[in-house]
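# Coordinate analysis (summary)
Residue strings, one per chain:
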Amino acid sequence: MTDKQSNSSRGQGPYIAAIDQGTTSSRCIVFDKDGRIVAVDQKEHEQIFPKPGWVEHDAAEIWTNVQAVVDGAIAQAGLSKSDVKAIGITNQRETTMMWDKNTGAPVHNALVWQDTRTDVLCREFGRKGGQDRWRRETGLPLASYFAGPKIRWLLDNVEGLRERAERGDILFGTMDSWVIWNLTGGVNGGVHVTDVTNASRTLLMNLHTLAWEPKILEAMGIPESVLPEIRSSAEVYGQAVGGSLAGVPVASALGDQQAALFGQTCFDEGEAKSTYGTGTFLLMNTANKPINSYNGLITTVGYRIGDQAPVYALEGSIAITGALVQWMRDQMGLIQSAPEIETLALTVEDNGGAYFVPAFSGLFAPHWRSDARGVIAGLTRYVTKAHIARAVLEATAWQTREICDAMAKDSGVEPTTLKVDGGMTSNNLLMQTLADFLGTPVVRPMVAETTCLGAAYAAGLAVGFWSDTDELRANWKRAAEWTPDMSEEDRADQYRKWLKAVERTKGWIDED
Amino acid sequence: MSGSIQSVERAAAILRLLGGGERRMGLTDIASTLGLAKATAHGILRTLQQEGFVEQDAATGRYQLGAELLRLGNSYLDIHDLRARALVWTDDLARSSGESVHLGVPHQGGVLVVHHVFRPDDSRQVVEVGAMQPLHSSAMGKALAAFDPVVRTQLLAADRPRFTARTVTGRRDVEDLLEVVREQGWASDLEESWEGLASVASPVHDRRGVAVGAVGVTGAVERVRESRDGAVRPALVAAVRDCARAVTRDLGGGRFRIN
Ligand SMILES: Nc1ncnc2c1ncn2[C@@H]1O[C@H](COP(=O)(O)OP(=O)(O)OP(=O)(O)O)[C@@H](O)[C@H]1O
Ligand SMILES: [Mg+2]
């Protein structure tokens, strides 16, 4: 009889705790020195869809969940706070919130990165200089995806907010700032900071100086007083106050995709990873140079360890991949759980001619078309829900293919294998399809939770838990590898059809 | 109702009776509730038991709905759900044991591999998802047969080919072996399927206590056993059972299970 949670084969402490404040859930994972998972706790939060194209989160609910999962993971592992040497933070990027620094209360729901309400604002900003008006400074095109225009929307649309902001009562943050501010004491001395990777997603930070760009702040009408201080990704920002980790240093912050890059130990120039969660994000390390993209990718900060030189990355962002599977589950009711998409898809041999382009939030890389909306093309009476399930999985693989093509053009290197991670990598059919469509092997590392692992690594480096990145690299192990098994003709033929379907999504939303 | 078969009707009545709130009932209660002679009820129960639709608790003699019925109904756990839940723990098992890890489910008289984690060295390996392993010689097969009466029946009814000199094929020997597995909570395959290869496996239970799958590690026999003919390394057994328990916990099972 064993009710007791035996940990007989587990290593001994000390440990690092990582908090991943994600789009669909918040989780806390405790790692030991070998990078092994000691405890996990996770909690989903509500997705609020007030209008088509709008997506919000309740930031107060998120903070409550973060506290709950931290306590949960610590209790599960039977740890005390003295066993935990540091806390690392990683987060959904660009999601924008503002709160009152005197009460700690959010002034509005957080505007999630997928939210498209700032379309019109972005078009207005682009009237002078076009979509790439600030690309040279920020590495980003003007798109509703990024945080800056969301701040402007809040200032314009929450009654009295601009005045309160100008009085100095209001703070802006992406979720890293919100979590760190609350963790370190909130209204009682919480520190208001963000890291370079999160700041690089606002359209407000100059990639070369790593400081807020006054020219853009002025053009967007954003008072500098609301902005957090920009810090490196790995340094001690402060100590946790209260909760089960009171007194433990908060020692890293990285946007989730950069954290995954770090967790996959892509520390050398040319190393890349692709993460399959709500959306998919392929990042390639470009060392200390911000590389400008001419093929629809974006330039972003990969990470910065303490006062070392920043490491940059080229990124291909796809808004909807896992979210399409969730849509099949929640909105269409065709499956009961996300993994069941594989069961359904495996009941047929192919997509039956159907192609599904999930441009639910417009198209991100490499197209950047906010006027696009989702399309299922190629429908006939022959097509069943199982064919659609296959088309759903193929959509993730084709979108990755488009990014890889752009990456090869921009960087001049053809990737020889693709390192993957994230929840969708448990889908074997998807991983095989990915290898088939890319024509290169796909490799999954032994820790699928690379996002948390990356945040833990950065925090551990900051407090000397790990000595250097070489030590971390030794922890990387291959868990699986899928090799391509598709003829060149089939691949080319189906890719052509996919690209045709993509064209059909564009221009659906009228200009006004 | 013309043309209906009385014994099938009665079997259905028994299933309905046992289906009321996951009930467990003794033979006498079942017979008297349905107005059947005890011998008749017993005959039907025995047949249902062979088909896996009903299980009898060894200690109390009471009957309850069986695994096969749960599998047929919508409470059946999707194998891809199972893989998703097992992912973190099987990765960890591969890492801590240094060996390759498989997750298998009963399927058409064998074990279907639904998940495979490579051995954490740099050697060339291929994903074995979709492969089948035999019930009688593989560690996962034995772990499943020891805890799932339907799989057990299949194993005892099937051909049991000899793959190596160590393959156990005799009915009595297999029955004894399954008894040991049931008692200790894990199974091994010591060069019974392939010369030179050994495995250790333990069952994963869902929240109703059904053995829905098994996790196992496989490696060179000299790494799995303390010596070529020695005991299986206890640390390896502990790691496999930890992993099986963790997955069981994730499925919401395991509270009242010996595992
Ligand atoms: N087996 C599967 N097949 C297909 N999709 C899956 C599978 N398992 C999970 N997903 C999808 O993956 C996503 C969850 O992955 P993951 O947990 O990595 O994302 P996440 O980290 O929660 O995302 P975020 O960080 O944006 O919150 C969901 O969108 C879900 O639909
Ligand atoms: Mg995530």
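Residues numbered from 1 in each chain as written. Chains lettered and ligands numbered in written order. Predicted model: local features only at pLDDT ≥ 70, side-chain atom pairs only at ≥ 80, totals over all residues. Heavy atoms only, no water.

Residues and elements named next belong to chain B. Counting buried residues along strand 3 (residues 100-107), 7 of its 8 residues qualify, which places the element largely inside the surrounding structure. Judged from the 5 bridges that link them, strand 3 and strand 8 (residues 211-220) form a sheet pairing that is antiparallel. In the sheet register, G104 faces strand 8, and the bridge partner there is A214. Strand direction decides the pairing type here: strand 3 and strand 4 (residues 110-117), joined by 7 bridges, are antiparallel. Across the sheet, G104 pairs through a bridge with V113, a residue of strand 4. In this antiparallel pair of consecutive strands, strand 3 and strand 4, the connection spans 2 residues, and Q108 shows a positive phi of 45°. (Buried < 20%, exposed > 50% of the residue type's maximum accessible area, 1.4 Å probe, protein only. Helix = DSSP H or I, 4+ residues; strand = E, 2+ residues; numbered from the N terminus. Pairing = 2+ DSSP bridges.)

Here we come to the UniProt feature "binding site: glycerol" (unreviewed entry) in chain A. Residues and elements named next belong to chain A. On the UniProt side, "binding site: glycerol" (unreviewed entry) is annotated at positions that read R93, E94, Y145, D256 and Q257 here. If you trace the backbone, E94 turns up in the loop between strand 5 (84-91) and strand 6 (97-100). Residue E94 is classed as buried on the basis of its relative accessible area of 2%. Once residues within four sequence positions are removed from consideration, E94 is found in contact with L111, W113, Y145, F146, A147, K150, T174 and R201. Reaching out from E94, the side chain makes a polar contact with the side chain of Y145 at a distance of 3.3 Å. With residues up to four places along the chain from it excluded, the contact list for Y145 reads R93, E94, W113, K150, R201, F281, E315, S317, F364 and W368. (UniProt positions renumbered as here; feature names shortened; annotations may be inferred. Contact = heavy atoms within 4.5 Å. Polar contact = N/O pair within 3.5 Å; in protein donor to acceptor, adjacent residues only side chain to side chain.)

Residues and elements named next belong to chain A. At a closest axis distance of 11 Å, the pairing of helix 1 (residues 59-76) and helix 6 (residues 175-183) adopts a crossing angle of 60°. Taken together, the axes of helix 1 and helix 6 lie oblique to each other. Judged by the sense of rotation from one axis to the other, the crossing of helix 1 with helix 6 is right-handed. Residues A59, A60, I62, W63 and V66 of helix 1 form the contact with helix 6, whose participating residues are M175, W178, V179, N182 and L183. By residue class, the composition of the contact of helix 1 with helix 6 is 9 nonpolar, 1 polar and no charged. (Axes fitted to C-alpha atoms, helices over the stretch in contact; angles between N-to-C directions. Parallel < 35°, antiparallel > 145°, perpendicular 65-115°, else oblique. Left-handed = near helix turned anticlockwise from the far one by under 90°. Nonpolar A, V, L, I, M, F, W, Y, C, P; charged D, E, K, R; others polar.)

Residue and element names in this part refer to chain A. In the vicinity of ligand 1, 21 residues are found, and the nearest of them are T23, T24, R27, T278 and G423. Between ligand 1 and T24 there is a distance of 2.6 Å, counted from an oxygen atom to a side-chain nitrogen or oxygen. Side-chain polar atom of R27 to an oxygen atom of ligand 1: 2.9 Å apart, as the coordinates give it. Calculation on ligand 1 without its partners gives an accessible area of 630 Å², and the protein chains cover 88% of this total. Sorting the residues of the shell around ligand 1 by element identifies strand 2 (25-31) and helix 10 (322-330) as the ones contributing at least two each. Of all the elements, helix 10 adds the most residues to the shell around ligand 1, at 4 residues. (Near = heavy atom within 4 Å. Areas by Shrake-Rupley, 256 points an atom, 1.4 Å probe, with all protein chains shown as cover.)

Attention now moves to the packing of aromatic side chains. Residue and element names in this part refer to chain A. Enumeration according to the criterion identifies 23 aromatic pairs over all chains in this entry. Measuring from ring centre to ring centre gives 5.8 Å for W113 and F281, while their planes differ by 70°; the resulting arrangement is edge-to-face. One end of the pair, W113, is in the loop between strand 7 (110-111) and helix 2 (119-126); the other, F281, is in strand 16 (residues 280-285), and 168 residues separate them in sequence. A residue is classified by how much of its surface remains accessible, and F281, at 5% relative accessible area, is buried. For the pair F267 and Y303, a centre-to-centre distance of 6.2 Å together with 85° between the ring planes defines the contact as edge-to-face. Of this pair, F267 sits in the loop between helix 9 (256-263) and strand 15 (272-276) while Y303 sits in strand 17 (residues 298-303); the two residues are 36 residues apart in sequence, bridging distant segments of the chain. Accessibility expressed as a relative area gives 10% for F267, which makes it buried. (Phe/Tyr/Trp six-rings, centres within 6.5 Å; stacked < 30°, edge-to-face > 60°.)

Right, let's talk about the sheet that holds strand 23 (residues 478-482) of chain A for a bit. The pairing of strands in a sheet comes from backbone hydrogen bonds and takes either a parallel or an antiparallel form. Residues and elements named next belong to chain A. Here 7 strands make up an open sheet; going across it, the order is 17-18-16-15-21-22-23 and the pairing mixed. The two strands at the open ends of the sheet, each matched to only one other strand, are strand 17 and strand 23. Recorded for the sheet is a direction-independent mean angle of 30° between the axes of neighbouring strands. Examined bridge by bridge, strand 22 (residues 442-445) and strand 23 share 4 bridges and lie antiparallel to one another. Directly across from V443, in strand 23, lies its bridge partner E481.

All names here are of chain A. Ranked by size, the top nonpolar core spans 110 residues in total, and within it M98, L204, I222, L227 and L434 carry the most contacts. Element by element, the count of residues in this core is highest for helix 12 (residues 385-411), at 13 residues. Here I222 is in contact with G148, I151, R152, L155, L204, L217 and L227, once residues within four sequence places are set aside. (Core = buried A, V, L, I, M, F, W, Y, C linked by side-chain atoms within 4.5 Å.)

With that settled, consider unusual backbone geometry. All names here are of chain A. The omega torsion across A365 and P366 is -5°, close enough to zero to call that bond cis. Its location among the elements puts P366 in the loop between strand 19 (355-357) and strand 20 (375-377). For T265, which is not glycine, the phi dihedral falls at a positive 55°. Note that T265 resides in the loop between helix 9 and strand 15. Backbone geometry places W368, a non-glycine residue, at a positive phi of 50°. With respect to the element layout, W368 can be found in the loop between strand 19 and strand 20.

So, about the UniProt feature "binding site: sn-glycerol 3-phosphate" (unreviewed entry) in chain A. All names here are of chain A. Following the UniProt record, one finds the feature "binding site: sn-glycerol 3-phosphate" (unreviewed entry) at T23, R93, E94, Y145 and D256. Positionally, R93 belongs in the loop between strand 5 and strand 6. Once residues lying within four places of it in the same chain are set aside, the contact partners of R93 are W113, Y145, N198, R201, G255, D256, Q257, Q258, F281 and E315. Counting through the fold element by element, Y145 comes out in the loop between helix 3 (135-138) and helix 4 (147-157).

Counted by the stated rule, this structure contains 41 salt bridges over all chains. With its nearest N and O atoms 2.8 Å apart, the salt bridge here joins A:E315 to A:R201. On the criterion of sequence distance, the pair formed by A:E315 in strand 18 (residues 311-318) and A:R201 in the loop between helix 7 (196-199) and strand 10 (205-206) is long-range, its members being 114 residues apart. Side by side, A:E315 and A:R201 carry an identical accessibility label, which is buried. The shortest N-O distance in the salt bridge between B:D242 and B:R245 comes to 3.3 Å. (Salt bridge = Lys/Arg side-chain N within 4 Å of Asp/Glu carboxyl O.)

Moving on: the environment of A:L111. In this fold, A:L111 is placed in strand 7. The spacing of A:L111 and A:N428 is 317 residues in sequence and 33 Å in space, taken between C-alpha atoms.

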